[in-house]
Amino acid sequence: MGLYRTVLAEGQRQDLITYLNRGLLIAQWPVLRTLISRPLRDAWEDRFPELPADKAVTAA
């Protein structure tokens, strides 16, 4: 989780390709999204709709 958090926040394009696994990112996103800043989370969720937004939080 720590590696993904760091790569999402600070990684270069090649780091994203090298270190992130699509399936694992999607599976872990509900928890991982709580560990990163809101602007970063919003940017990733806007760019990749397959990353589920927490509907309970966004609807409130």
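Chemist: Is there a simple way to explain the side chain of Glu 45 in this structure?
Modeler: Examined against the element boundaries, Glu 45 turns out to sit in helix α4 (residues 38-47). The class of Glu 45 is buried, set by a relative accessible area of 12%. Within the structure, the side chain of Glu 45 is placed 2.6 Å from the side chain of Arg 33, a separation counted as a polar contact. If sequence neighbours within four positions are ignored, Glu 45 has contacts with Trp 29, Arg 33, Leu 51, Pro 52 and Ala 53.

Chemist: So what exactly am I meant to see when it comes to a nonpolar patch on the surface here?
Modeler: A cluster of nonpolar side chains, Met 1, Val 31 and Leu 35, forms an exposed patch at the surface whose accessible area comes to about 240 Å². Turning to its location among the elements, Val 31 is positioned in helix α3 (residues 22-32). Its relative accessible area of 44% is what places Val 31 among the partly exposed residues.

Chemist: Explain the packing of aromatic side chains to me, please; I cannot follow it from the model alone.
Modeler: Remark: the centre distance and the inter-plane angle together describe each pair of aromatic rings, the angle taken between the planes. Under the definition given, this model contains 1 aromatic pair. Summarising the aromatic geometry, the rings of Trp 44 and Phe 48 are spaced 5.2 Å apart at their centres and angled 25° between planes, so their arrangement reads as stacked. In this structure Phe 48 comes out as partly exposed when scored by relative accessible area, which is 28%. Residue placement shows Arg 47 over the ring face of Phe 48; its charged tip is 4.9 Å from the ring centre.

Chemist: I would appreciate a short explanation of the side chain of Arg 41 in the present structure.
Modeler: If you trace the backbone, Arg 41 turns up in helix α4. An unpaired buried charge is present at Arg 41: no salt bridge exists, and Asp 42, the closest side chain of opposite charge, is 4.2 Å distant. If we skip the residues at most four places from it in the chain, Arg 41 touches Trp 29, Arg 33 and Ile 36.

Reading the values: the criteria
Residues numbered from 1 in each chain as written. Predicted model: local features only at pLDDT ≥ 70, side-chain atom pairs only at ≥ 80, totals over all residues. Heavy atoms only, no water. Helix = DSSP H or I, 4+ residues; strand = E, 2+ residues; numbered from the N terminus. Buried < 20%, exposed > 50% of the residue type's maximum accessible area, 1.4 Å probe, protein only. Polar contact = N/O pair within 3.5 Å; in protein donor to acceptor, adjacent residues only side chain to side chain. Contact = heavy atoms within 4.5 Å. Patch = residues over 30% accessible without salt bridge, like charges linked within 9 Å, V, L, I, M, F, W, Y side chains within 5 Å. Areas by Shrake-Rupley, 256 points an atom, 1.4 Å probe, with all protein chains shown as cover. Salt bridge = Lys/Arg side-chain N within 4 Å of Asp/Glu carboxyl O. Phe/Tyr/Trp six-rings, centres within 6.5 Å; stacked < 30°, edge-to-face > 60°. Lys NZ or Arg CZ within 6 Å of the ring centre and 35° of its normal. Lys, Arg positive; Asp, Glu negative; His and termini not counted.

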